[in-house]
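For reference, the chains in residue letters:
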Amino acid sequence: MRRIILALLLSLALPVAAQSTPPKKLVPIPEPPEMPLPSPSPSPGTEQDASLEPQVTIIKRGEDTVEEYRSNGRLYMIKVTPRIGLPYYLIDNRGDGTFATRSDMDQGIRPPMWVIHQF
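Residues numbered from 1 in each chain as written. Predicted model: local features only at pLDDT ≥ 70, side-chain atom pairs only at ≥ 80, totals over all residues. Heavy atoms only, no water.

**Q** I'd like to hear about the overall build of the protein chain, residue by residue, with values.
**A** Per the secondary structure count, the protein chain includes 3 helices and 5 strands. Going residue by residue from the N terminus, the α and β elements of the protein chain occur as α-α-β-β-β-β-β-α. Out of the 119 residues in the protein chain, the part that is buried amounts to 10%. Considering only residue pairs separated by 6 or more positions, the protein chain has 1% of its internal contacts joining residues 24 or more positions apart. Carbon and sulfur atoms make up 62% of the accessible area of the protein chain, which totals about 11,500 Å². (Helix = DSSP H or I, 4+ residues; strand = E, 2+ residues; numbered from the N terminus. Buried < 20%, exposed > 50% of the residue type's maximum accessible area, 1.4 Å probe, protein only. Contact = heavy atoms within 4.5 Å. Areas by Shrake-Rupley, 256 points an atom, 1.4 Å probe, with all protein chains shown as cover.)

Shown next as structure tokens:
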């Protein structure tokens, strides 16, 4: 029993002894390069990136709020937030100007259903 305890104590002391020995040949780490200063003029790609952001127009109709999302002048989504209830979206998926609600788009999705128990 004493041998087991002695072996456990030595196995616990071994990592401490390994940490206390200094490493041999230390090599200094080189200094990192200086960070470049940001340029005040926009880079060539930023003008195109700004045009990719949607233009949002917010319209108040009575107590409802309508947000129209346009990209390149084309209306592709409408978000309607009624005074009471959850907001809903009208989306032009095909680009032909016909808007469908999210519930209309989910018609093709059918969750799998199985009969587990029948009375």
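**Q** Describe the pairing of strand E2 (residues 64-71), with residues and values.
**A** Here strand E1 (residues 55-61) pairs with E2 via 7 bridges, running antiparallel. What sits directly across from Ile59, in E2, is Val66. Hairpin geometry of E1 and E2 is characterised by an intervening segment of 2 residues between the two adjacent antiparallel strands and by a positive phi of about 70° at Gly62. Across 7 bridges, E2 lies against strand E3 (residues 74-81) in antiparallel orientation. For Tyr69, the partnering residue across the bridge sits in E3 and is Met77. The hairpin formed by E2 and E3 contains 2 residues between the paired strands, and Asn72 there has a positive phi angle of roughly 55°. (Pairing = 2+ DSSP bridges.)

**Q** Help me get a handle on the pattern of salt bridges, residues and values and all.
**A** Counting across every chain of the model gives 3 salt bridges. The salt bridge involving Glu63 is made with Arg83; its shortest N-O contact spans 2.2 Å. Taken together, the residues span a long stretch of sequence, with Glu63 in the loop between E1 and E2 and Arg83 in the loop between E3 and strand E4 (88-91) at a distance of 20 residues. Residue Glu63 is classed as exposed on the basis of its relative accessible area, which comes to 52%. (Salt bridge = Lys/Arg side-chain N within 4 Å of Asp/Glu carboxyl O.)

**Q** Now, about the environment of Val66: what can you tell me, with residues and values included?
**A** Within the secondary structure, Val66 sits in strand E2. For the pair formed by Val66 and Thr81, sequence separation is 15 residues and the distance between their alpha carbons is 6.3 Å.

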